[in-house]
Amino acid sequence: MDRENDMQRRVVLPMMAAWALLVLQGCASLGSSYEKPDVRLANVEMLRANLWEQTFRLQLRVDNPNSRRLPIRGMRYQVYLNDVRLATGVSDNHFTVPAYGSEHFDLTVRSNLWRHLGDLTKLVDGRQPIRYRIEGHIRTGLLFGSTINLYEDGVLDPAQLSF
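Residues numbered from 1 in each chain as written. Predicted model: local features only at pLDDT ≥ 70, side-chain atom pairs only at ≥ 80, totals over all residues. Heavy atoms only, no water.

Attention now goes to the nonpolar core. If you look at the biggest cluster of nonpolar residues, it comprises 26 residues, and the most contacted ones within it are Leu41, Leu58, Leu60, Met75 and Leu107. Of all the elements in the fold, those that place two or more residues in this core are strand 1 (38-49), strand 2 (54-63), strand 3 (70-81), strand 4 (84-91), strand 5 (95-97), strand 6 (102-111), strand 7 (130-140) and strand 8 (147-156). Among the elements that take part in this core, strand 3 stands out by supplying six residues, more than any other. With near-sequence residues (within four places) excluded, Met75 lies in contact with Leu60, Gly89, Val90, Ser91, Phe105, Leu107, His137, Ile138 and Leu150. (Core = buried A, V, L, I, M, F, W, Y, C linked by side-chain atoms within 4.5 Å. Buried < 20%, exposed > 50% of the residue type's maximum accessible area, 1.4 Å probe, protein only. Helix = DSSP H or I, 4+ residues; strand = E, 2+ residues; numbered from the N terminus. Contact = heavy atoms within 4.5 Å.)

If you want it as structure tokens, here you go:
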């Protein structure tokens, strides 16, 4: 029995120490030099619309200012156009943004803009700039990922959108 316990200690303790070092290294890799990625709305495309529901494709761009790749493992979001909530939802998109690189990804969202349809139509027809805001969080990493809080806002030029 003692020989078995001694063998387990020789094998298990070094494995636990190695595991702890990996965990600490993963935490250290998100240290003070880590910069939050930039997420921007690149395009809005209306796919379908009827009286009760509209389906949009939002194209988002993630810019990674860090020296290591950034694995994205999902997100929770709310999207606003001119302070009108366009969509709320979750996405399980998995992709990796290269170090010092950018990656585009699409979100298909459904909304009921019936009560705001007139206002949005005027915005698009008038070709006025449209303010947008994205709030939520992004889940990163593989095993020991972190959550990045997301708040981005900007202005879209309707002439460059696929409405």
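Bringing the environment of Gly89 into the picture now. If you trace the backbone, Gly89 turns up in strand 4. With 12 residues separating them in the primary sequence, Gly89 and Tyr77 have C-alpha atoms 5.6 Å apart.

On to the packing of aromatic side chains. One pass over the structure, following the stated rule, counts one aromatic pair. On the basis of an interplanar angle of 35° and a centroid distance of 4.7 Å, the ring pair of Phe95 and Phe105 is categorised as tilted. Note that Phe95 is positioned in strand 5 and Phe105 in strand 6, a separation of 10 residues in sequence. By relative accessible area, Phe95 is classed as buried at 14%. For Phe105, a relative accessible area of 7% translates into the label buried. (Phe/Tyr/Trp six-rings, centres within 6.5 Å; stacked < 30°, edge-to-face > 60°.)

Attention now goes to the sheet that holds strand 6. Taken together, the three strands give an open sheet; going across it, the order is 1-2-6, and neighbouring strands pair in antiparallel fashion. Strands with a single pairing partner mark the edges of an open sheet, and in this sheet they are strand 1 and strand 6. Recorded for the sheet is a direction-independent mean angle of 20° between the axes of neighbouring strands. Of the strand pairs in this sheet, strand 1 and strand 2 are connected by 10 bridges, and their pairing is antiparallel. Paired with Ala49 across the strands is Gln54, a residue of strand 2. (Pairing = 2+ DSSP bridges. Axes fitted to C-alpha atoms, helices over the stretch in contact; angles between N-to-C directions.)

Bringing the pairing of strand 7 into the picture now. Looking along a regular strand, one sees the side chains alternate between the two faces of the sheet. Two strands pair when backbone bridges link them, and strand 3 and strand 7 are joined in this way by nine bridges, in the antiparallel orientation. Pairing of Gly74 across the sheet is with Arg139, part of strand 7. Alignment of strand 7 against strand 8, held across 10 bridges, turns out to be antiparallel. Bridged to Tyr132 within strand 8 is Gly154.

So, about unusual backbone geometry. Residues other than glycine seldom take positive phi values, yet Asp83 does so here, at roughly 65°. Checked against the element boundaries, Asp83 lands in the loop between strand 3 and strand 4. Located in the positive-phi region is Tyr100, a residue other than glycine, with phi close to 50°. Relative to the elements of secondary structure, Tyr100 occurs in the loop between strand 5 and strand 6. Residue classification places Tyr100 among the exposed positions, given a relative accessible area of 62%.

Here we come to the confidence of the model for the protein. Looking at the protein, the pLDDT average stands at 75 and 66% of residues meet or exceed 70. The least confident element of the protein is helix 1 (residues 2-28), whose mean pLDDT is 54; the most confident is strand 5, at 92. (pLDDT = per-residue confidence, 0-100.)

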